[in-house]
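# An overview of the molecular structure
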Amino acid sequence: MLDRLKSIEDRYEELNKLLSDPEVISDSNKLREYSKEQSDIQETVEVYRRYRTITEELQDAKAMLEEKLDADMREMVKEEVSELQAEEEQLAERLKILLIPKDPNDDKNVIMEIRGAAGGEEAALFAGNLYRMYSRYAEIQGWKTEVMEASVTGTGGYKEIIFMINGNGAYSKMKYENGAHRVQRVPETESGGRIHTSTATVACLPEAEEVEVDIHEKDIRVDTFASSGPGGQSVNTTMSAVRLTHLPTGVVVSCQDEKSQIKNKEKAMKVLRARIYDKFQQEAQAEYDQNRKSAVGTGDRSERIRTYNYPQNRVTDHRIGLTIQKLDQIMEGKLDEFIDALIVEDQSSKLQRAEN
């Protein structure tokens, strides 16, 4: 581990020199690439340097105990040794986590797709609740959201809503939301006061850059049609809505959120690129399916991951067995307790697999 950390520190110093090189400064692509690489390893280098300092201080303190000291001084040195050992252990554990290979998608923006599943109109309303929850969470994080496509029901729910979250590290946190979300509550349309169970599915896709997914114009069929609102009524008479079909994969995306056909096509292309990138990734990772499913948040999207129980103001994440009695706050976007716990669990499972 120490050899790896030393090589990372050497690379960090090399990057410092490169970023001062006039040739690199004049090349925006190289400047961006080296800056990102340096940023990615900066925390590891800082923790490693602190670990090295603490180790040296600990050795010096232990050496002092070999000398002749009065009782008070010996007690002070023993206390210092104890504190340094505790910090050294903490830093060593932190370094192990920092050395876990990073998900290359973690820094990316996110395209989220929420669909009402089992439960009819109540499922569509719950999909709307989830969209609001994620929008509020994004706002708290300082991220921006943009609706790409939405299919609204007559009561204000969503059969489907696709939106982008723009923010540094958005995917690193939102990827844990993949899966089926279950709600237990009394629907507004229920006169007898009976609790119903409905579900909505959430898919979280990293935004794909053009260089990552090679899509040829000849492979895309473009269809245009008039936008429609709830119940199918036309919301404008121009053919502004766009449907893109990627012929090699069969992936279909439609967008009618904007009044401009050009803007709708731009949005649809972002979603199409993300879906195709996700499809290729999942196919490439197929041989590791068992490992992926054992990692938190990267399993089958049909798997029920969380239950929102309104009568008891309770939310339970079934993957880590965490229950929080703050449903009202969570639906306002206060998701940190869940997401932080999922990140810790994911890191722990990856660390365990690496050590085995």
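Residues numbered from 1 in each chain as written. Predicted model: local features only at pLDDT ≥ 70, side-chain atom pairs only at ≥ 80, totals over all residues. Heavy atoms only, no water.

Labelled according to an unreviewed UniProt entry, the chain appears under the name Peptide chain release factor 1, originating from Bacillus gobiensis. What UniProt records for the chain under Function (unreviewed entry) is the sentence "Peptide chain release factor 1 directs the termination of translation in response to the peptide chain termination codons UAG and UAA." On record in UniProt, under Sequence similarities (unreviewed entry), the comment for the chain is "Belongs to the prokaryotic/mitochondrial release factor family." (UniProt positions renumbered as here; feature names shortened; annotations may be inferred.)

Within the chain, the regular secondary structure consists of 10 helices and 11 strands. The buried share of the chain, taken over its 356 residues, is 40%. For the chain, restricting intrachain contacts to residue pairs at least 6 apart in sequence, the fraction spanning at least 24 positions comes to 61%. Accessible surface, the chain as shown: approximately 19,600 Å² in total, 47% of it carbon and sulfur. (Helix = DSSP H or I, 4+ residues; strand = E, 2+ residues; numbered from the N terminus. Buried < 20%, exposed > 50% of the residue type's maximum accessible area, 1.4 Å probe, protein only. Contact = heavy atoms within 4.5 Å. Areas by Shrake-Rupley, 256 points an atom, 1.4 Å probe, with all protein chains shown as cover.)

Before going further, it helps to examine the pairing of strand 8 (residues 251–255). The alternating pattern of strand 8 places Val 251, Val 253 and Cys 255 on a buried face and Val 252 and Ser 254 on a face that is not buried. One ladder, built from 5 bridges, connects strand 7 (residues 241–246) with strand 8; its direction is antiparallel. Looking at strand 8, one finds that Val 242 is bridged to Cys 255. Count of turn residues in the strand 7/strand 8 antiparallel hairpin: 4 residues, of which Gly 250 carries a positive phi of about 80°. (Pairing = 2+ DSSP bridges.)

Of the residues in the chain, 88% reach a pLDDT of 70 or more, and the chain-wide mean stands at 85. The secondary-structure element of the chain with the lowest mean pLDDT is helix 8 (residues 289–294), recorded at 43, while strand 10 (residues 314–317) shows the highest, at 96. Contacts of residues 287–300 to residues separated by more than four positions or lying in other chains number 20 contacts, the stretch itself having pLDDT below 50. (pLDDT = per-residue confidence, 0-100.)

Pairing of strand 9 (residues 304–309) with strand 10 involves 4 bridges; the strand directions are antiparallel. Looking across to strand 10, one finds that Arg 306 is bridged to Asp 317. Hairpin remark: strand 9 followed by strand 10, antiparallel, with 4 residues in the connecting loop; positive phi at Asn 313, about 50°. In this structure, strand 10 lies alongside strand 11 (residues 322–324), joined through 3 bridges in antiparallel fashion.

Moving on, we come to the side chain of Lys 267. Position of Lys 267 among the secondary structure elements: in helix 7 (residues 261–284). Residues in contact with Lys 267, not counting those within four places in the same chain, are Glu 146, Val 147, Met 148, Cys 255, Asp 257 and Glu 258.

The subject of this paragraph is the sheet that holds strand 7. By way of backbone hydrogen bonds, the strands of a sheet pair with one another, either parallel or antiparallel. If you walk across this open sheet you meet the 3 strands as 6-7-8, and the pairing is antiparallel. In this open sheet, the two strands that pair with only one neighbour each are strand 6 (220–225) and strand 8. Across the sheet, the axes of successive neighbouring strands diverge by a mean angle of 15°, strand direction being ignored. By the bridge criterion, 6 bridges tie strand 6 to strand 7 in an arrangement that is antiparallel. Residue pairing in the sheet places Ile 220 in a bridge with His 246 of strand 7. (Axes fitted to C-alpha atoms, helices over the stretch in contact; angles between N-to-C directions.)

Another aspect to go through is the sheet that holds strand 5 (residues 196–206). Pairing in this open sheet of 8 strands is mixed, and the strands run 2-3-1-5-4-9-10-11 from one edge to the other. With one partner strand each, in any of the chains shown, strand 2 (144–152) and strand 11 form the two edges of the open sheet. Within this sheet the neighbouring strands show an average axis-to-axis angle of 15°, counted without direction. One ladder, built from 6 bridges, connects strand 1 (residues 110–116) with strand 3 (residues 158–166); its direction is antiparallel. Counted as the bridge partner of Ile 114 is Ile 161 from strand 3.

Okay, the side chain of Glu 88 next. Considering the arrangement of structural elements, one finds Glu 88 in helix 4 (residues 71–98). Although Glu 88 is buried, it forms no salt bridge, and the closest oppositely charged side chain is Lys 62 at an N-O distance of 6.0 Å. Setting aside its immediate chain neighbours within four residues, Glu 88 contacts Tyr 51, Ile 54, Thr 55 and Leu 58. (Lys, Arg positive; Asp, Glu negative; His and termini not counted. Salt bridge = Lys/Arg side-chain N within 4 Å of Asp/Glu carboxyl O.)

It is worth spelling out the pattern of salt bridges at this point. Summed over all chains, the structure comprises 29 salt bridges. The residue Asp 107 makes a salt bridge to Lys 36 at a minimum N-O spacing of 3.2 Å. You can see Asp 107 sitting in the loop between helix 4 and strand 1 and its partner Lys 36 sitting in helix 3 (residues 28–65), a full 71 residues away along the chain. Judged by relative accessible area, Asp 107 falls into the partly exposed class, the value being 27%. By relative accessible area, which is 43% here, Lys 36 ends up partly exposed. Taking the shortest distance from any N to any O, the salt bridge between Arg 115 and Glu 113 comes out at 2.9 Å. With a relative accessible area of 5%, Glu 113 lands in the buried category. Overlapping salt bridges bring together Glu 9, Glu 13, Arg 49 and Arg 52 as one network.

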